[in-house]
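Chain by chain, the residues:
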Amino acid sequence: MATERLNATAGSLLGFLHDGPQSGWDLVQTAQLQIGDYWSLTQSQVYRELTAMAQAGLIEAEASGPRDRRAYRLTKTGSSAFRSWLMQLPGPEQIRYPLLLTLAFARHLPAKQLSEFIAHHRSVHADRLRTYRDAETAARAAGATPADLVTLDFGIRYETAVLGWFDHLPDADQLRRVRR
């Protein structure tokens, strides 16, 4: 795995390993907690990348621990590869929003089911916005600075924009009449 070809999954795993050795399971949990709201990593991706990174000398496996979990630690080569990866211009964002895909084919759904899908997704985004605002309040109370909150601020602004979009959606009957 050459540094210039390091992908975002490998780069993020190397970043997490800067905090100390972690097992694949731990890395999946860390990713879900720290970046899960805006970047997804599957368990299979993590284990596939760990194998490739170990073969490339970017990480080293430690002895098996409890429940046969094997922790991995960052090597100097891995730390250097992480820095090189991080210094690259990030690629463009990719929108993969399943509801938008469903709306592209809305004419094939009953209006009631389409309305239920929209209501469900709106509720998910409203809940997420509340969670982000609560986290922001707690972080500020703990002394977080605006620089500490940049990803959380993005989440708040994103969820606010998505909820505004929901507020402007045509009703299900109108959406079903759209031909693309």
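Higher on the page you've got the structure.
Please read all numbers here as calculations on a predicted model, not as lab measurements. (Residues numbered from 1 in each chain as written. Predicted model: local features only at pLDDT ≥ 70, side-chain atom pairs only at ≥ 80, totals over all residues. Heavy atoms only, no water.)

## So, the pattern of salt bridges
One pass over the full model with this rule turns up seven salt bridges. Note that Arg 157 and Asp 153 form a salt bridge whose closest N and O atoms lie 2.8 Å from each other. Of this pair, Arg 157 and Asp 153 both sit in helix 7 (residues 150–167), separated by four residues, roughly a single helical turn. (Salt bridge = Lys/Arg side-chain N within 4 Å of Asp/Glu carboxyl O. Helix = DSSP H or I, 4+ residues; strand = E, 2+ residues; numbered from the N terminus.)

## Some thoughts on the environment of Pro 21
Counting through the fold element by element, Pro 21 comes out in the loop between helix 1 (8–17) and strand 1 (22–23). In this structure Pro 21 comes out as partly exposed when scored by relative accessible area, which is 46%. When near neighbours in sequence (up to four residues on either side) are disregarded, Pro 21 contacts Glu 62, Ala 71, Tyr 72 and Arg 73. (Buried < 20%, exposed > 50% of the residue type's maximum accessible area, 1.4 Å probe, protein only. Contact = heavy atoms within 4.5 Å.)

## Regarding the side chain of His 125
Structurally, His 125 can be placed in helix 6 (residues 111–141). At 2.4 Å, the side chain of His 125 forms a polar contact with the side chain of Glu 159. (Polar contact = N/O pair within 3.5 Å; in protein donor to acceptor, adjacent residues only side chain to side chain.)

## Some details on the sheet that holds strand 3 (residues 70–74)
Pairing between the strands of a sheet comes from backbone hydrogen bonds, and it takes one of two forms, parallel or antiparallel. Strand order in the open sheet formed by three strands is 1-3-2, and the pairing between neighbours is antiparallel. Here the strands that pair on one side only, and so sit at the sheet edges, are strand 1 and strand 2 (59–64). Relative to strand 3, strand 1 runs antiparallel, the two sharing two bridges. Opposite Gln 22, over in strand 3, you have Tyr 72 as the bridge partner. (Pairing = 2+ DSSP bridges.)

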